[in-house]
Amino acid sequence: ASSDGESWASQWRRLDQEVTEVVDQAMRNDDLWSGQTARLLCQALPDQSCIHMASSLAVRVVNTCGGTLNEGVDVTANRGVNGIDGTIATWMGQIQCRQQSTSVCLIGDLALLHDAGTMLIRAAEFEGDAARVLVVLDNDGGGIFDHLPTAEHRSAHVPLFVTPPTCDVASLCRAATEQVVVAEDRATLSDAI
């Protein structure tokens, strides 16, 4: 119990509610950011669908900002050698197992580049009756590192931790499928989802 007699469980629930209110307030911001992307995506997932997330920024924004999921939505992630490799390969394997259900992958631009070969080789799996949606958080690579203490050391942070992609992510995705939407605002993303 705290000094004022509040139980640990009560403190936890109160703090959880405070964080929820702060996150909900941030969702009202008009600027599109990764948290809004996660919230819009999670709200749109139908019952019995699947969301697979890269193990870096994507899994954290869904955990913090995703909100409540519909009934029976499977949430998966895997941890590759570098944390982000193999994300698309795992997702494509899940698609094979869940052929009739909606399957979504939320991934950052850097994780996409780590597994772009799988996306290009298995592009046919984006076709079919069930929806297959790959959502890329295009944040100039290594966005998770902006949340760590290294971000305070600009001279080392960008050259050693942040790894901006040197390719056009949308063009790379167009090599796998013609159905690519580049959303730079909340309305465009919401319509696309």
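Each remark here, short or long, concerns the structure printed above.
A brief report on the enclosed structure follows.

Criteria and cut-off values
- Sequence order as written defines residue numbering, which begins from 1 separately in each chain.
- Local features in this predicted model are restricted to residues of pLDDT 70 or higher, and side-chain atom pairs are both shown and tallied only at a pLDDT of 80 or more, whereas totals for entire chains, interfaces and linings draw on every residue.
- Remark: hydrogens and water are excluded; side-chain values derive from all non-hydrogen atoms of the structure.
- Helix and strand labels come from DSSP, where a helix needs a run of H or I of at least four residues and a strand needs a run of E of at least two; each type is numbered from the N terminus.
- Only C-alpha atoms enter the radius of gyration; for comparison, a globular chain is expected to reach 2.2 Å times N to the power 0.38, where N is the number of residues.
- Relative accessibility decides the category of a residue: with a 1.4 Å probe and only protein chains considered, values under 20% of the type maximum give buried, values over 50% give exposed, and everything between is partly exposed.
- Counting rule applied: Lys, Arg positive; Asp, Glu negative; His and chain ends not counted.
- To locate a charge, the coordinates of NZ of Lys, CZ of Arg, CG of Asp or CD of Glu are taken.
- In what follows, salt bridge is the name for a side-chain nitrogen of Lys or Arg lying within 4 Å of a carboxyl oxygen of Asp or Glu.
- In this description, strands pair whenever DSSP reports at least two bridges between them.
- Lines fitted to the C-alpha atoms define the axes, with helices restricted to the stretch that makes contact. Angles between their N-to-C directions range from 0 to 180 degrees.
- In this description, one arc is meant: the one made by directions from the helix axis to the C-beta atoms.
- Here a residue-residue contact requires only that any non-hydrogen atoms of the pair lie within 4.5 Å.
- Between N or O atoms, a polar contact is any pair within 3.5 Å; within protein, one atom must be a potential hydrogen donor and the other a potential acceptor, and residues adjacent in sequence are included only when both atoms are from side chains.
- Here a pair means two rings of Phe, Tyr or Trp (six-membered ring of Trp) with centres within 6.5 Å. Their orientation is stacked below 30 degrees between planes, edge-to-face above 60, and tilted elsewhere.
- The disulfide criterion is simple: two cysteine sulfur atoms within 2.5 Å.

1. Observations concerning the overall build of the chain
Broken down by element type, the chain carries nine helices and four strands. Secondary structure elements of the chain occur, N-terminal to C-terminal, as α-α-β-α-β-α-β-α-α-β-α-α-α. In terms of overall size, the chain behaves like a compact globule, its C-alpha atoms giving a radius of gyration of 18 Å where 193 residues would be expected to give roughly 16 Å. For the chain, the C-alpha atoms occupy an extent of roughly 60 × 45 × 35 Å along the three principal directions. Classification of the 193 residues of the chain by burial places 39% in the buried group. Averaging the positions of the 12 positive and the 26 negative side-chain charges in the chain gives two centres separated by 4 Å.

2. Description of the environment of Trp91
You can see Trp91 is positioned in helix H4 (residues 87–97). Through-space distance from the C-alpha of Trp91 to that of Val104 is 8.2 Å; in sequence the pair is 13 residues apart.

3. A few points about the pattern of salt bridges
This structure, assessed with the given rule, holds three salt bridges. The partner of Asp24 in a salt bridge is Arg39, and the shortest N-O contact between them spans 3.2 Å. Of the two residues, Asp24 is situated in helix H1 (residues 8–26) and Arg39 in helix H2 (residues 34–44); the sequence distance between them amounts to 15 residues. Overall, Asp24 belongs to the partly exposed group, its relative accessible area being 27%.

4. Description of the sheet that holds strand S1 (residues 50–53)
Pairing is parallel across the open sheet formed by four strands, whose spatial order is S2-S1-S3-S4. Each of the sheet's edge strands pairs with one partner strand only, and the pair in question is strand S2 (74–77) and strand S4 (132–137). Each strand of the sheet is rotated relative to its neighbour by a mean of 20°, with strand direction disregarded. Two elements, S1 and S2, share four bridges in a ladder whose sense is parallel. For Met53, the partnering residue across the bridge sits in S2 and is Ala77.

5. A short note on helix H3 (residues 57–65)
Looking at H3, one finds that the buried residues are Leu57, Ala58, Val61, Val62 and Cys65. Each buried residue of H3 lies within a common arc of 130° when the element is viewed along its axis, so the set occupies one face. The positive-phi residue at the C-terminal boundary of H3 is Gly67, with phi of around 80°.

6. Remarks on H2
Judged by how many residues are buried, H2 sits mostly within the fold: nine of eleven residues are covered. Restricting attention to buried positions, one finds in H2 the residues Ser34, Gly35, Gln36, Thr37, Ala38, Arg39, Leu40, Leu41 and Cys42. Elements that come into contact with the buried residues of H2 comprise H1, S1, H3, strand S3 (103–108), S4 and helix H9 (186–192).

7. Digging into the side chain of Ser49
If you trace the backbone, Ser49 turns up in the loop between H2 and S1. Separated by 2.7 Å, the side chain of Ser49 and the backbone oxygen of Pro46 make a polar contact. Those residues in contact with Ser49, other than ones at most four positions away along the chain, are Gly72, Val73, Asp74, Arg98 and Thr102.

8. So, the packing of aromatic side chains
Scanning all chains against the criterion turns up one aromatic pair. Their ring planes at 20° and their centres at 5.4 Å tell us that Trp8 and Trp12 sit as a pair that is stacked. Taken as a pair, Trp8 and Trp12 lie in helix H1 at a separation of four residues, close to a single helical turn. When its relative accessible area of 57% is taken as the criterion, Trp12 is described as exposed.

9. Observations regarding the state of the cysteines
Taken as a whole, this structure holds zero disulfides when the rule is applied. Cys65 takes part in no disulfide bond, and the closest cysteine sulfur, belonging to Cys42, lies 9.6 Å away. Assessed through its relative accessible area of 4%, Cys65 is described here as buried. Looking at the unpaired Cys173, the closest cysteine sulfur is the one in Cys167, lying at 8.8 Å.

10. Comments concerning the environment of Gly143
Assignment of secondary structure puts Gly143 in the loop between S4 and helix H7 (154–160). The class for Gly143 is buried, based on a relative accessible area of 11%. For the pair formed by Gly143 and Phe161, sequence separation is 18 residues and the distance between their alpha carbons is 9.4 Å.

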